[in-house]
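The primary structure of each chain is shown beneath.
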Amino acid sequence: MHRNADMDWDAFDPAQYVAHNYASLRRDDQRLITLTRDWFAFAGLPTAAARGLDVGTGSNLYPALAMLPHCRDVTLWEYSRSNIAWLETEVAAYSRHWDAGWGVLAESPGYRDLGDPRFELARRARIVQGSVYGLPAATWDLGTMFFVAESISQVFGEFRAAVTAFASALKPGAPFAAAFVENSEGYAVAGKSYPAVAVTRAMVRDALVGLTDGLTVERIEPIGEKFRDGYTGLLLACGRIGREGGAEPC
Ligand SMILES: C[S@@+](CC[C@H](N)C(=O)[O-])C[C@H]1O[C@@H](n2cnc3c(N)ncnc32)[C@H](O)[C@@H]1O
């Protein structure tokens, strides 16, 4: 059983991770980006007024880009020093392959009207080195966490603790989007193995329902190439952080 603390996260290779997952836009990621965009648009956030949080950003800019028009700043809270170094370079002027994901976001007016997303990400992003388990409470107005809680440990309790820490870092009423790989058996990056908890839709719902209001957990069928062992689809949980201990899902 690999715990989060057992892994050498500073040896994580962001370039290889990007090459495997994000060099071109996967159709399941396209669906994930579309659903996240539409949820944040529906949530009715005051444009550019909020403070956003993306946990475990690693080398994926899509969650931060999905929050960009809604936030005056976006904190990228990442644990691995190699990923922090990658973010510092990439956020300053991001690579062209992220344009495909921005194109999906920009089908919606709030994104299209933002101006130059490269300039706005560089201006609004705040990169912070820290652990999900050390997030401060009730600090951010909007949040994302993609492929982190289930992809940093094999211990179920650590998956649950990461979900709780993410939800607790957001203010009551804050909209969030959290993505999970369904049934992942772990993954390799540049020949190194990384752990996962094989979560199901019911496990994700159970981890979030008591902390949130209006929870939905959408399942995205596998589309295209299987990118991880065990992968049976993606899960996207959307809702708002509970004001009074959360409510039943709709
Ligand atoms: C599977 S990657 C996901 C990266 C990215 N969010 C994505 O959507 O592809 C898991 C990420 O969690 C980070 N991570 C590992 N342990 C962490 C911790 N304790 N707190 C925050 N992030 C952590 C890793 O460095 C890596 O960037």
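Bear in mind that the values here come from a model prediction, so they are computed numbers and not experimental data.

### Concerning the pattern of salt bridges
- Taken as a whole and assessed by the stated rule, the structure comprises 14 salt bridges.
- Of the charged contacts in the structure, one is a salt bridge between R123 and E120, with a shortest N-O distance of 2.9 Å. With R123 and E120 both in helix α7 (residues 117–124), this residue pair falls 3 residues apart, about one helical turn.
- Judged by relative accessible area, E120 falls into the buried class, the value being 9%.

### Some points on the site of the ligand
- Of all residues adjacent to the ligand, which total 23 residues, the nearest are Y17, Y22, G56, E78 and V132.
- At a separation of 3.0 Å, an oxygen atom of the ligand approaches a polar side-chain atom of N83.
- When the residues that make up the shell around the ligand are grouped by side-chain class, the tally is 11 nonpolar, 10 polar and 2 charged.

### Comments concerning the packing of aromatic side chains
- Scanning the model with the defined rule gives 17 aromatic pairs in all.
- A ring pair is formed by F12 and Y194, whose centres lie 5.0 Å apart and whose planes are at 55°; its orientation type is tilted. You can see F12 sitting in the segment before α1 (14–21) and its partner Y194 sitting in strand β7 (residues 192–194), a full 182 residues away along the chain. For the residue pair F12 and Y194, the accessibility class agrees, reading buried in each case.
- Judged by centre distance (6.2 Å) and plane angle (85°), the ring pair of F166 and F176 falls under edge-to-face. Of this pair, F166 sits in helix α8 (residues 156–169) while F176 is found in strand β5 (residues 175–181), placing the two residues 10 residues apart along the sequence.

### Describing the sheet that holds strand β2 (residues 71–78)
- In spatial order, the strands read β3-β2-β1-β4-β5-β9-β8; together these 7 strands make up an open sheet with mixed pairing. The sheet is open, and its two edges are formed by β3 (125–129) and β8 (212–220), each paired on a single side. For this sheet, the mean inter-axis angle between neighbouring strands, taken without regard to orientation, is 15°.
- By the bridge criterion, 7 bridges tie β5 to strand β9 (residues 234–241) in an arrangement that is antiparallel. The partner of F176 across the bridge, within β9, is G239.

### Concerning the packing of α8 against helix α9 (residues 201–209)
- Axis separation between α8 and α9 bottoms out at 9 Å; the angle between their running directions is 50°. Considering their axes alone, α8 and α9 lie oblique with respect to each other. By crossing handedness, the relation of α8 to α9 is classed as right-handed. Facing α8, whose interface residues are F156, F159, R160 and V163, α9 presents M203, V204, D206, A207 and L208.

### Topic: unusual backbone geometry
- Positive phi, normally seen in glycine, also occurs at F147, with a value near 60°.
- Even without a glycine there, the phi angle at N183 is positive, about 60°.
- Structurally, N183 can be placed in the loop between β5 and β6 (187–189).
- Accessibility expressed as a relative area gives 26% for N183, which makes it partly exposed.

### Some points on the environment of Q129
- In this fold, Q129 is placed in strand β3.
- For Q129, a relative accessible area of 35% translates into the label partly exposed.
- Taking the C-alpha atoms as reference points, Q129 and S80, separated by 49 residues in sequence, lie 7.3 Å from one another.
- Each residue touching Q129, except ones within four places of it in the same chain, is listed here: E78, Y79, R81 and I84.
- Among the polar contacts listed, one links the side chain of Q129 to the backbone oxygen of Y79, at a separation of 2.7 Å.

Cut-offs and rules
Residues numbered from 1 in each chain as written. Predicted model: local features only at pLDDT ≥ 70, side-chain atom pairs only at ≥ 80, totals over all residues. Heavy atoms only, no water. Salt bridge = Lys/Arg side-chain N within 4 Å of Asp/Glu carboxyl O. Helix = DSSP H or I, 4+ residues; strand = E, 2+ residues; numbered from the N terminus. Buried < 20%, exposed > 50% of the residue type's maximum accessible area, 1.4 Å probe, protein only. Near = heavy atom within 4 Å. Polar contact = N/O pair within 3.5 Å; in protein donor to acceptor, adjacent residues only side chain to side chain. Nonpolar A, V, L, I, M, F, W, Y, C, P; charged D, E, K, R; others polar. Phe/Tyr/Trp six-rings, centres within 6.5 Å; stacked < 30°, edge-to-face > 60°. Pairing = 2+ DSSP bridges. Axes fitted to C-alpha atoms, helices over the stretch in contact; angles between N-to-C directions. Parallel < 35°, antiparallel > 145°, perpendicular 65-115°, else oblique. Left-handed = near helix turned anticlockwise from the far one by under 90°. Contact = heavy atoms within 4.5 Å.

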